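Below are the chains, spelled out letter by letter.
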Amino acid sequence: MSRRATMLFALVLAPVMSLALSGKVLAEEAQRWAVNMPRGVTPVSNAIYDIHMIVFWICVVIGVVVFGVMFYSMYAHRKSRGAVAANFHENTTAEVVWTVIPALILIVMAIPATSTLLDVYDTSEAEIDIKVTGYQWKWQYEYLGEDVAYVSELATPESEIYNTAPKGQYYLQEVSEPLVLPVKTKVRFLITAKDVIHSWWVPDFGVKRDAIPGYVNETWAYVNEPGVYRGECAELCGKGHPFMPIVVNVLEKEAYNSWLAEKKTEVAAIRELTKKTFTKDELMAQGEEAYNRSCSGCHMVNGEGIPGVFPSMIGSTVTTGDTINKHLDVVVNGVAGSAMQAFGGQLSEVDLAAIITYERNAWGNDTGDVVQPIDVLKFKQGQ
Amino acid sequence: MPTNPVRKTLVKLLAGAAGMFLFAIFLMPPLYDVFCDITGIGGKTGGPYQVSESGVDMSRTVKVQFVATNNGAMPWEFTPKVFEVTVHPGEPTEAAFFAKNRTSRDMVAQAIPNVTPFNAAEYFFLLQPATARSGCGSRFTTGIYRGSRSANGSQDDNVVLHII
Amino acid sequence: MAHGPAKGIGRWLFTTNHKDIGTLYLWFSFAMFLLGGFFAMVIRAELFEPGMQIIKPEFFNQMTTMHGLVMVFGAIMPAFVGLANWMIPMMIGAPDMALPRMNNLSFWILPFAFTLLASTLFMEGGAPNFGWTFYAPLSTTYAPDTVNYFIFAMHIMGASSIMGSINIIATILNMRAPGMTLMKMPMFVWTWLITAFLLIAVMPVLAGAVTMMLMDINFGTSFFNAAGGGDPVLFQHVFWFFGHPEVYIIILPAFGVISHIIPTFSRKPLFGYSSMVYATASIAFLSFIVWAHHMFLVGMPIGGELYFMYATMLIAVPTAAKVFNWISTMFRGSLTFETPMLFAIAFVILFTIGGLTGVMVAIAPADVQYHDSYFVVAHFHYVMVAGAVFSGTAAVYYWLPKWCGNMYNESMAKVQFWVSFIGFNVTFFPQHFLGLAGMPRRYADYALQFSDWNMVSSIGAFTYGASQLLFLYIVIQAIKSGKPVRDPKVWEGAEGLEWTLPTPVPYHTFSTPPEVK
């Protein structure tokens, strides 16, 4: 091959190879080629692991015995080996035996299965209650009785998903704000959803429960070891289904208490920020980040949306019309009967103001409008 | 001429198919509702309140927690005013929810209750279903739930009432 | 009296002949199998590496949905209806099906329904994207506009199945040759008789579910909407009340085929004929009372959960009995391993593996980790592909010489078997690992630790896909230029009325019923 061609070939191949390799190299840290369920870090996850292994080994033995007989027959009773067919075609004793024995094996399995299930269902005497709400496409966590609530969204940038940037180690398993829990504390989860059915799954906890709009489901976990545990949404919920992971940060009890105290003061701090006046540049920067995090899932990073499904932001009457109030109404209150949620209750006034400012000026919209957090607050209060 | 046996089979099977379709549409939903009502499965509260004469059981307490969730496109502010109450079974207690219509238009909203654990659901009764409410900035009680004393002494002491 | 078939396209449009209609169903189902398989290739190509390389997530959801719908309702069910049409009249000594004109209608509405369904891919909003199980409210409030076409297509397909089942029952109950009592019927006829009753019982329930969806979407009802006093979980109950018997509808005729092939190539009668009949009937009955094992995580109370766990585990008993009966048929037979037998043996092994993972997912506490993960995807592909599809493939190799009078190329067919077998296992065995490691199903993209097994699985899928194109070639080559077979028995060990007819079978057979001893 000519020198030029070789260089061209290498130039094309290099990014492909490095992309392929970088992901793989980083995945060394994670569990590559895993073949089994994790034991996990809760008593329930361990109980589930144990029953899984018991049933698995019983099935392996059954398979070996049954296939063994069949393979033997395939060898010994071949016509090419001179086998002549026998004539028997029924045997009541055999039928009874191979009906009773499987039934007994099943009963043996059912006993530990029953006690493990009773464990899974026992949510009594929890110390902490966390409400988990599934949204398209993020989770909201509320520490009941503590006045702390926040949204937890995918933090992996779109560039990594669409292969214009190398994938980080926790690709698709990193979030804006993890759920934080104390170790060795029985935590009860109350699980529901805002829109469609989702499902909250953390394999290391042995916890999975459907999040059904209009229902509250309960489940629980008692985590034995501090650490970071990652989970997934486990019920098809639309196009963001693979993009709403769960990250739980389990801390020692003291660290958890300080975290909780700090979180409460953070709520007060955000209320203070609402009174501040920001520059257009500050709002645009914050708005771009908040938009990409909370809005681009439907309306796309380029603002184009999906024709017929999610409206475009570019040059629309809402984002470039004269009345900013219409834009505020759509963002704060949502649009009834559509998939556009009411973000007024989900995001802070600062984020809302930044997003609206960004939407009114990005992608060539250039209205020059600037919306301050106090404007959003006034809109909410004075409607 | 004797009836064609094939035709007899055809008619019977068509009737069977039609019957299963009607069963699915007209019988399955109500059966499901009745089953949920009787067993409390799914957390649906009991029907109209039946007065219980047994009075208040002072020997034990039940902890009832309240949470509220809005449907995704619902712009109202809707929260429980108190997260948790501890009551004696049969003791009248009021726990209010705060609801505010943030828009400038009149709206009618409905709140649906759901109780967990399920076996507690039959002891909760919706006295005043929240139906019409319009205007802005008003606070109101969505419904009064009275826990009645359970006949055999419920084991559960921790109940969550969820309103959507 | 008998005259040959009509000429030209009119023959196929207006035929009331069960052999012609069987042929139509089989070609249609194979075309649908290739279409559904193409969707699978798109899925596995996208899942080859982490990241979105080829399609967008919203289109991926359309692919997984359409793959499921086309394979279940367009490929596997019509394939076995086609086999029923071809074989049942000949197996019972009847001249045709009981209702030949309804038979024609049952077939021809299918291409219409699936053209409608496939065309939604090109409509605005895209094709259905809510999974083949179409749970509400994702499939009602949040569905694309094409959901209404989906509902219409499901109604048509359901009507086709119901009409076909009525035909099958009416034929079997009323048109058996004199002397053929029920307990003398061949197993394929028994399994189809039972399957047809299952279909009549549950297809209308599916129709009910999609009708309730239609009303929620278009007429303001709230069957499945909690805010209106309804319940999304009601949808799941109604759907799975259909859905669980549905999977037995898929597998029972496949069991029937195996019960013909294994005795033929073992040169020994089927072991335990009556037990096989009773086991099939028990499986069918039990299939009605286990549906909520698909719903272990919706928040059922513990009593319900335990009941469904125990009832589900119970189905393993009659199913295991059938496996033991097949192996006992082989045992001390005189075995040869032509391609139909290879597929039948592979069925016994791989379906058993799928059945054993079925026992694992029946264990409700363990299902907390398996539910909605790739472990379940692996389980059902083992029973549906290595089960139903392998059985259907075996049936084609087994009966094709009888239908067209030519033998397929045995060496090529053996190659096709091995490539299918290896390709299938390379595709689906690693999916057990993916599920256990924590990868959910219906995921367009995944975290890095799932990369390796996904790549392996995709390579297996491309291999398996290629082997199906080879199958198409082998079948066409056999029909056009295969070596002629004139022996009525075709296979040395074959028994049954259909093997007393000339090869290839004439257009009209058993115009006079045979005498059955």
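Below, the structure is looked at part by part. Fair warning: this is a prediction, and the values are worked out from it, not measured in the lab.

With that settled, consider the overall build of chain A. Within chain A, the regular secondary structure consists of 11 helices and 10 strands. Once the C-alpha set of chain A is aligned to its principal axes, its extents read approximately 90 × 75 × 40 Å. Within the span of chain A, comprising 383 residues, buried residues form 51% of the whole. A fraction of 65% describes how many contacts in chain A between residues 6 or more apart in sequence connect residues 24 or more apart. Accessible area for chain A stands at about 17,100 Å²; split by element, carbon and sulfur atoms hold 60% of it. Positive and negative side-chain charges of chain A, numbering 31 and 43 respectively, have mean locations separated by a distance of 6 Å.

Next up on the list: the sheet that holds strand β8 (residues 217–222) of chain A. All names here are of chain A. Judged by pairing direction, the sheet is mixed, and its five strands sit side by side in the order β3-β2-β1-β5-β8 without closing on themselves. Of all strands in the sheet, those with a lone pairing partner are β3 (148–152) and β8, marking the two edges. Averaged over all neighbouring strand pairs, the angle between strand axes comes to 25 degrees, with direction disregarded. Relative to β3, strand β2 (residues 138–143) runs antiparallel, the two being bridged by five bridges. Across the sheet, the residue bridging to tyrosine 143 is valine 148, located in β3.

Residues and elements named next belong to chain C. In this model, alanine 136 is joined to proline 137 through a cis peptide bond whose omega is -5 degrees. Tracing the backbone through its elements, the reader meets proline 137 in the loop between α4 (100–119) and α5 (147–174). A cis geometry characterises the amide bond from threonine 503 onward to proline 504, with omega recorded as -5 degrees. When you line up the elements, proline 504 lands in the segment after β2 (483–484). Positive phi is not limited to glycine here, since arginine 267 has a value of about 55 degrees. Relative to the helices and strands, arginine 267 is located in the loop between α7 (232–266) and α8 (273–286). With a phi close to 50 degrees, valine 490 is a non-glycine residue in the positive phi region.

Across all of its chains, the model carries 73 aromatic pairs over all chains by this definition. Between phenylalanine 239 of chain C and phenylalanine 242 of chain C the ring centres are 5.8 Å apart and the planes differ by 70 degrees, which places this aromatic pair in the edge-to-face class. Taken together, the residues phenylalanine 239 of chain C and phenylalanine 242 of chain C, both in helix α7 and three residues apart, mark about one turn of the helix. For phenylalanine 242 of chain C, a relative accessible area of 0% puts it in the buried group. One cation-aromatic arrangement involves arginine 230 of chain A over tyrosine 170 of chain A; the distance from NZ or CZ to the ring centre is 3.6 Å.

What follows concerns the side chain of glutamate 305 of chain C. Along the chain, glutamate 305 of chain C turns up in helix α9 (residues 302–330). Arginine 209 of chain A provides the closest opposite charge to the buried, salt-bridge-free glutamate 305 of chain C, at an N-O distance of 6.0 Å. Within polar-contact distance, the side chain of glutamate 305 of chain C engages the side chain of tyrosine 121 of chain A at 2.9 Å. Apart from residues no more than four positions distant in its own chain, glutamate 305 of chain C is found in contact with Leu117 and Tyr121 of chain A together with Phe296, Met300 and Ala364 of chain C.

Definitions and cut-offs
Residues numbered from 1 in each chain as written. Chains lettered and ligands numbered in written order. Predicted model: local features only at pLDDT ≥ 70, side-chain atom pairs only at ≥ 80, totals over all residues. Heavy atoms only, no water. Helix = DSSP H or I, 4+ residues; strand = E, 2+ residues; numbered from the N terminus. Buried < 20%, exposed > 50% of the residue type's maximum accessible area, 1.4 Å probe, protein only. Contact = heavy atoms within 4.5 Å. Areas by Shrake-Rupley, 256 points an atom, 1.4 Å probe, with all protein chains shown as cover. Lys, Arg positive; Asp, Glu negative; His and termini not counted. Charge placed at Lys NZ, Arg CZ, Asp CG, Glu CD. Pairing = 2+ DSSP bridges. Axes fitted to C-alpha atoms, helices over the stretch in contact; angles between N-to-C directions. Phe/Tyr/Trp six-rings, centres within 6.5 Å; stacked < 30°, edge-to-face > 60°. Lys NZ or Arg CZ within 6 Å of the ring centre and 35° of its normal. Salt bridge = Lys/Arg side-chain N within 4 Å of Asp/Glu carboxyl O. Polar contact = N/O pair within 3.5 Å; in protein donor to acceptor, adjacent residues only side chain to side chain.

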